[in-house]
Amino acid sequence: MPSLVPIWFDIDGTILHTRAGRGAFQKALRDTYGWQDSFESVVFAGNTDLQVLMDLSRVHAGDEKAGLKDCRRLFDCMADHLDAGLAENPPELVPGATELIGRLAENPHVLLGLVTGNARDCAFIKLKHVDLDVHFSEGGFGDQHADRNELARLAKSQLAAKHVDLAQGWIIGDTPRDIEAAKHIGARCLGVSCHFSPAELREAGADEVVEDLTPTDGVLNLLLGEFHRPDG
Ligand SMILES: [Mg+2]
C-alpha cells in the first residue's frame with residue numbers, strides 16, 4: 001500500500017443527485033447562443049459538459065465546434081443558473097456521502113479529488129449546496145476536455161507533479177464511463193450502483209461495487225484496507 005492513497009470522486013449519481021443541471025444548461029444555451037433545446041436526445045450520465053455542448057452544436061449549428069468559441073461565457077452563465085436552481089431545489093445526497101467524504105478528508109493517508117463531467121465552477125457549486133466543497137480543491141473537470149478518459153489523465157498528471165500516482169488509488173463513479181476512465185489510467189474503480197445495476201458495473205470492469213456509500217466503515221475498508229481504522 002502506498003503512503004498516500006488518491007481517492008477521486010465523480011459527482012452526479014455518486015455524491016449527489018440533482019435535476020437542476022439540465023435546466024441550467026438549457027437556460028445558458030438560450031442566453032449564450034439563442035438555442036432552444038428540449039434535451040430529449042441528451043445523455044448526461046457519464047458525459048462531460050463539453051461533449052454535451054459539442055453534440056448540441058452539431059444539432060443547432062451543423063458543426064460540433066460551433067459553440068466552443070463562446071464556451072467560457074456559456075459555462076459562466078450555466079454556473080449562475082445552477083446556483084439559483086439549487087437554491088430552490090437543493091441536491092439530494094447519496095446515502096453515506098457526507099460521512100464517507102468527511103472521514104476520508106481527515107485521514108492523513110488520503111488525497112481527495114474529483115474526476116467529473118461537470119465544468120469546474122458547476123462542480124463546486126453543486127458541492128457547495130451540500131456543504132462538501134471544502135474537502136476538494138483539484139481534479140479533472142468537464143470544461144477541460146470532452147473525453148472523460150482525458151480528464152482522468154489530466155488528474156493523473158496533476159498528481160504526478162506531487163509524486164503521487166493515481167493508479168495507486170481509486171476513482172469512484174456511477175457509470176461505465178467512470179470505470180473506463182479509471183481503467184484508462186490504471187486506477188481501481190469503485191462503482192456506485194445508481195443508474196446502472198451492480199452486474200452492469202462489474203461487467204464494465206468495476207473492481208468493487210456498492211449500492212450507496214453506506215456503511216461508512218465498510219466502504220472505508222474497501223478503499224483503504226490497512227489504512228482504515230474503524231475508530232476513525
Ligand atoms: Mg456520474
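In every chain, residue numbers begin from 1 and rise along the written sequence. Local features in this predicted model are restricted to residues whose pLDDT is 70 or higher, and side-chain atom pairs enter the listing and the counts only when it is 80 or higher, whereas totals over whole chains, interfaces and linings include all residues.

Draft legend 1. Local environment of the nonpolar core. Ile7, Met78 and Ile171 are the most contacted members of the largest nonpolar core, which totals 68 residues. In this description a helix means any DSSP run of H or I spanning at least four residues, a strand means any run of E spanning at least two, and both kinds are numbered starting from the N terminus. The element that contributes the greatest number of residues to this core is helix α3 (residues 71-88), accounting for six residues. What fixes the domain bounds is an automatic or database domain assignment. Taken domain by domain, this core gets at least three of its residues from each of domain 1 (5-18 + 92-227) and domain 2 (20-88). Apart from residues lying up to four places away in sequence, Met78 is in contact with Ala24, Phe25, Ala28, Ala119 and Cys122. A set of buried Ala, Val, Leu, Ile, Met, Phe, Trp, Tyr and Cys residues, joined to one another through C-beta atoms within 7 Å, is what we call a nonpolar core. Labels follow a simple rule on C-beta atoms placed from the backbone: if 20 or more others lie within 10 Å of a residue's own, it is buried; if 12 or fewer, it is exposed; otherwise it is partly exposed. Once C-beta atoms are placed from the backbone, any two residues with those atoms within 7 Å are in contact.

Draft legend 2. Highlighting unusual backbone geometry. Here the bond from Thr214 into Pro215 is cis, since omega is -15°, no more than 30 degrees from zero. By secondary structure assignment, the location of Pro215 is in the loop between β8 (208-210) and α9 (216-224). Residue Phe39 is not a glycine yet carries a positive backbone phi of 65°. Counting through the fold element by element, Phe39 comes out in the loop between α1 (20-33) and α2 (49-61). Judged by the 14 C-beta atoms lying within 10 Å of it, Phe39 is partly exposed. Look at His163: it is not a glycine, yet its phi comes out positive at around 60°.

Draft legend 3. Focus on the domain arrangement of the protein. The assigned domain composition of the protein is domain 1 (5-18 + 92-227) and domain 2 (20-88). Once you take the C-alpha centre of each, domain 1 and domain 2 turn out to be 24 Å apart. The partner domain 2 presents 16 residues to the 21 residues of domain 1 that form the contact. Where the side of domain 1 that touches domain 2 is concerned, the elements lending two or more residues are α5 (120-128), α6 (148-160) and α7 (176-184). At four residues, the largest contribution of residues to the side of domain 1 that touches domain 2 is made by α5. The residue classification treats Ala, Val, Leu, Ile, Met, Phe, Trp, Tyr, Cys and Pro as nonpolar and Asp, Glu, Lys and Arg as charged. All others, Gly included, are polar. Residue composition of the side of domain 1 that touches domain 2, grouped by class: six nonpolar, nine polar and six charged.

Draft legend 4. Molecular detail of the sheet that holds strand β1 (residues 5-9). Read across the open sheet, the six strands follow the order β5-β4-β1-β6-β7-β8; overall the sheet is parallel. Edge positions in the open sheet fall to β5 (139-140) and β8, since each of these has one partner strand only. DSSP bridges decide pairing: two strands pair if at least two such bridges lie between them. Pairing of β1 with strand β4 (residues 110-115), which is carried by five bridges, proceeds in the parallel orientation. Directly across from Pro6, in β4, lies its bridge partner Leu111.

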